[in-house]
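# Survey of secondary and tertiary structure
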Amino acid sequence: GEVGKFFQTAQLYADEFVVVKSPKLKTVQLKDSLIVSRTRRGGLSQSYVREYERAYHETISPKLVVSSWQVIMDLALAGYGCALVPRFLCADALKARKLEIVKHRVKPIPFSLCTIVTNSRVLPKNARCLFECFGYDFPR
């Protein structure tokens, strides 16, 4: 859609963050074992922390904060803790039963990947091609 007069946006992908763990981890204290990406104010990890605290009436401090979703998932695969990652990233590991979703009171955190393009700028050909792959046709 259009954001103000100057920008146009399009949703490329919608997904959700889930908490996963290795089946090797039998008993889990989620508040002591959570591995997340950056927890800056307003971020998805911070949204999860707020929802956890609302559901359990206790504070949670991540065990580890890592900048890479892939590394976070790899740590969970190795049994180092519970990972807050996008569902698409761990889909294969869930199917192969190398990871499992942690059952708890906090619902998955939805998110969208969106483009933001200025209306006054002509997009390069490679950017237009990428958007067309997702089914969007931005002004040329």
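Above this text sits the structure in question.
The text that follows walks through the structure, step by step, so that each part is easy to find.

### Concerning the overall build of the protein
Summing up its helical and strand segments, the protein has five helices and seven strands in all. For the protein, the succession of helices and strands along the chain, N to C, is β-β-α-β-α-β-α-β-α-β-β-α. Scaling as 2.2 N^0.38, a compact globule of 140 residues should have a C-alpha radius of gyration of about 14 Å, whereas the protein reaches 18 Å, well beyond that. For the C-alpha atoms alone, the extent of the protein along its principal axes is close to 55 × 35 × 20 Å. Expressed as a percentage of its 140 residues, the buried residues of the protein come to 34%.

### A closer look at the packing of aromatic side chains
The tally for this structure, following the rule as stated, stands at seven aromatic pairs. For the ring pair W69 and F111, a centre distance of 6.3 Å and an interplane angle of 55° mean the geometry is tilted. Taken together, the residues W69 in helix α3 (residues 69-77) and F111 in strand β7 (residues 109-118) connect sequence positions 42 residues apart. Under the relative-accessibility criterion, F111 is labelled buried at 9%. Grouped by ring-pair contacts, the aromatic residues Y13, F17, W69, F88 and F111 constitute a single cluster.

### Structural notes on the nonpolar core
For soluble globular proteins, nonpolar side chains are generally found buried alongside one another. Core analysis: the biggest nonpolar cluster contains 15 residues, and V19, L30, L34, Y48, Y52, C82 and L84 have the highest contact counts within it. The dominant element in this core, judged by the number of residues it contributes, is helix α2 (residues 44-56), at three residues. Every residue in contact with Y52, bar those within four places of it in the chain, is listed here: L30, K31, H57, E58, I60 and V106. Core analysis: the next-biggest nonpolar cluster, separate from the first, contains 14 residues, I35, V85, L89 and C90 among them.

Rules and cut-offs
Residues numbered from 1 in each chain as written. Predicted model: local features only at pLDDT ≥ 70, side-chain atom pairs only at ≥ 80, totals over all residues. Heavy atoms only, no water. Helix = DSSP H or I, 4+ residues; strand = E, 2+ residues; numbered from the N terminus. Rg over C-alpha atoms; globule rule 2.2 N^0.38 Å. Buried < 20%, exposed > 50% of the residue type's maximum accessible area, 1.4 Å probe, protein only. Phe/Tyr/Trp six-rings, centres within 6.5 Å; stacked < 30°, edge-to-face > 60°. Core = buried A, V, L, I, M, F, W, Y, C linked by side-chain atoms within 4.5 Å. Contact = heavy atoms within 4.5 Å.

Remember, this is a structural readout, not a statement about activity or role.
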